2 protein chains.
Amino acid sequence: MRNLLLTIRFDGTAYHGWQVQENSITVQQTLQDAYEQICGVRDNITGCSRTDSGVHAYKYCCNIRTENDKDCNELVNSLNAVLPQDISVIKCEEVPYDFHARYDCISKEYVYKIWNSPVRNPFMSKYSLQYKYPLDTDMLDRQVKAYTGTHDFAAFCASGSSVKDTVRTVTKAEIKRDGDLVTFTVAADGFLYNMVRIMVGTLLEIASGKIPQDTIPDIINSKDRERAGITAKPHGLFLSDVIYGKG
Amino acid sequence: MRNLLLTIRFDGTAYHGWQVQENSITVQQTLQDAYEQICGVRDNITGCSRTDSGVHAYKYCCNIRTENDKDCNELVNSLNAVLPQDISVIKCEEVPYDFHARYDCISKEYVYKIWNSPVRNPFMSKYSLQYKYPLDTDMLDRQVKAYTGTHDFAAFCASGSSVKDTVRTVTKAEIKRDGDLVTFTVAADGFLYNMVRIMVGTLLEIASGKIPQDTIPDIINSKDRERAGITAKPHGLFLSDVIYGKG
């Protein structure tokens, strides 16, 4: 019995997120179908996180405990030959049997893209949120620094989430501009349900003046979901890095 | 009666090229539909070139001779509000009544993108041709220099084309690499049907050894379509610039 770590990349436009669910096409199901087609068995594939419907991944990790003895490079090529064009397998490597793609992850990084122009970019429509009014990215970069550190992010968690411990440590939060493209990058030891999207929604309400500047610390302290901004749409969000402590 | 020059951008994935045709969705038809919805009349919109099914445009120009007296900026906003996400209007300006988007164009530039990696990039699948084997881009850049200058490009014109004069002047031809992305950029006073795609097909057959290096001048001189390479797929091709002499 081996344990294989797969690194994949996917355009999430056509998928209802990672996790298998009835009556919807998901990345996990599509990958398990491809794997079954190649290996003849339906092993469960464990992902590093659930992702929302429409969210993309530059890098996503998952592991498979399997009896199959296919060579790793051969498995990458075979999977890519049968997977649809919007998913690709970048790498396959053998890891210790007790490795778990979700529990052993020590840090993740997300990128949220905002197309900041009154005129949309047809090539970015599925990969960014369009925001038509000017954004003061220096001001926003100062605001997001309040996200860094160890905080109880209950105010930035979708209501109805069953998670008990809402304390997370954010190690990076920055806003950058490249022409009309504004990017929010955030890294943490873990993320609550919809956390990045609520962080972005809050930023955009600060930009529009609906939420006052320099109030992110107060919003965090309130632990009140109502105080934070709306949940920004999923299609601007990319999982960009997944880091493991070992292996 | 005014004459309006529209600059647009489109992701061509869903379209059967620019020109209106029966039973297929085209960019021209979609733009004319949007224009009719806004202005209440169905004026003909004249494009700067036909484009093949699946070809994209960073910049495409077209003109409309019209009785409507809408403000140009207002027209841009209104059109963008009703157009689908994969087409956008960048600019609208009034031009002299005799201006013609096709006949007055003095130069066009195209970019062809090649994803040069054994592993596909899901975000580039619709916007590049995947080529799995190593490409020597320095060698290819030397090869494409033979495309520059004034030549009879009959060997690089789709057979069956009815055009009589196959002489064109290529003012720029270069190959560049940015990581796994290899880009062929070519500018000319005009292009024959499928010319860029045949230029790319020829380059890839030089890369694979099927066509010998340094034979592009011979292929041009032969004026024989059979001597050039295959027609590369349309989805890697972008119209990137359109230049007018005046206006």
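All values derive from a computational prediction rather than experimental measurement. (Residues numbered from 1 in each chain as written. Chains lettered and ligands numbered in written order. Predicted model: local features only at pLDDT ≥ 70, side-chain atom pairs only at ≥ 80, totals over all residues. Heavy atoms only, no water.)

## Looking at the pattern of salt bridges
Within this structure, the stated rule accounts for 18 salt bridges over all chains. One salt bridge connects A:E94 with A:R2, and the closest N-O pair in it is separated by 3.6 Å. Residue A:E94 is found in strand β4 (residues 87-95), and its partner A:R2 is found in strand β1 (residues 2-10); the two are separated by 92 residues along the sequence. In this structure, the salt-bridge partner of B:K172 is B:E109, at a minimum N-O distance of 3.5 Å. Of the two residues, B:K172 is situated in strand β8 (residues 167-178) and B:E109 in strand β5 (residues 105-115); the sequence distance between them amounts to 63 residues. Beyond isolated ion pairs, a larger network of salt bridges with shared partners links A:D33, A:E36 and A:R42. (Salt bridge = Lys/Arg side-chain N within 4 Å of Asp/Glu carboxyl O. Helix = DSSP H or I, 4+ residues; strand = E, 2+ residues; numbered from the N terminus.)

## Observations concerning the side chain of A:S240
Residue and element names in this part refer to chain A. As for its placement among the helices and strands, S240 is situated in strand β10 (residues 237-244). Residue S240 is classed as buried on the basis of its relative accessible area, which comes to 17%. Excluding residues within four positions of it along the chain, S240 makes contact with Y58, K59, E109, Y110 and V111. (Buried < 20%, exposed > 50% of the residue type's maximum accessible area, 1.4 Å probe, protein only. Contact = heavy atoms within 4.5 Å.)

## Concerning the interface of chain A and chain B
Taken together, the 24 residues of chain A in the interface contact 24 residues of chain B. Both sides of the chain A and chain B interface together cover about 1,900 Å² of buried area, and 56% of this is carbon and sulfur. Taken as a group, A:R120, A:P122 and A:F123 account for 39% of the area that chain A buries against chain B, more than any other trio of residues on that side. The interface formed by chain A and chain B holds zero salt bridges in total. Taken together, the links from chain A to chain B amount to 12 residue pairs in polar contact (both at pLDDT 80 or more). Those elements that place two or more of their residues in the side of chain A that touches chain B are β1, β3 (56-66) and β4 of chain A. (Buried area = accessible area lost by both parts, 1.4 Å probe. Polar contact = N/O pair within 3.5 Å; in protein donor to acceptor, adjacent residues only side chain to side chain.)

## Thoughts on the relation of the copies chain A and chain B
Superposing chain A onto chain B takes a rotation of 180° plus a shift of 0.0 Å along the axis, which leaves an RMSD of 0.0 Å. With respect to symmetry, the two chain copies, as superposed, fit the operation of a two-fold axis. The position closest to the rotation axis in chain A is occupied by the C-alpha of A:F123, lying 5.2 Å away. (Least-squares fit on C-alpha atoms with pLDDT ≥ 70 in both.)

## Considering helix α2 (residues 72-82) of chain A
All names here are of chain A. All of the buried residues along α2 are C72, L75, V76, L79 and N80. Projected down its long axis, α2 carries its buried residues within an arc of 125°, all on one side. Exposed side chains of α2 directed beyond 90 degrees from the buried face belong to N73 and A81. In the core, the buried residues of α2 are packed alongside β1, α1 (27-39) and β4. (Arc of directions from axis to C-beta.)

## Re the confidence of the model for chain A
Mean pLDDT over chain A works out to 96, with 99% of the residues at or above the 70 mark. Interface predicted TM-score (ipTM) for the complex: 0.89; the corresponding pTM is 0.92. (pLDDT = per-residue confidence, 0-100.)

## Side note on helix α3 (residues 137-144) of chain A
All names here are of chain A. Residues T137, M139, L140, Q143 and V144 constitute the buried set of α3. Down the axis, α3 shows its buried residues gathered within 155° of arc, on one side only. Seen from the open side of α3, the exposed residues pointing more than 90 degrees away from its buried face are D138 and R142. Packed against the buried residues of α3 are β8 (167-178), β9 (181-188), α4 (195-208) and α5 (216-222). One side-chain oxygen at the N-terminal end of α3 lies 3.3 Å from the backbone nitrogen of D138; it belongs to D136.

## A word on the packing of aromatic side chains
Throughout the structure, instances matching the rule amount to 26 aromatic pairs over all chains. Ring geometry for B:Y110 versus B:F191: centroids 5.0 Å apart, planes at 85°, classification edge-to-face. Of the two residues, B:Y110 sits in strand β5 while B:F191 sits in the loop between β9 (181-188) and α4 (195-208), which places them 81 residues apart along the sequence. Grouping residues by exposure puts B:Y110 and B:F191 together as buried. Against the face of A:F238 rests A:K113, its NZ or CZ located 4.6 Å from the ring centre. (Phe/Tyr/Trp six-rings, centres within 6.5 Å; stacked < 30°, edge-to-face > 60°. Lys NZ or Arg CZ within 6 Å of the ring centre and 35° of its normal.)

## Comments concerning unusual backbone geometry
Residue and element names in this part refer to chain B. Phi at N194 is positive, roughly 70°, even though this residue is not glycine. Residue placement: N194 occurs in the loop between β9 and α4. Even without a glycine there, the phi angle at K223 is positive, about 55°. Relative to the elements of secondary structure, K223 occurs in the loop between α5 (216-222) and β10 (237-244).

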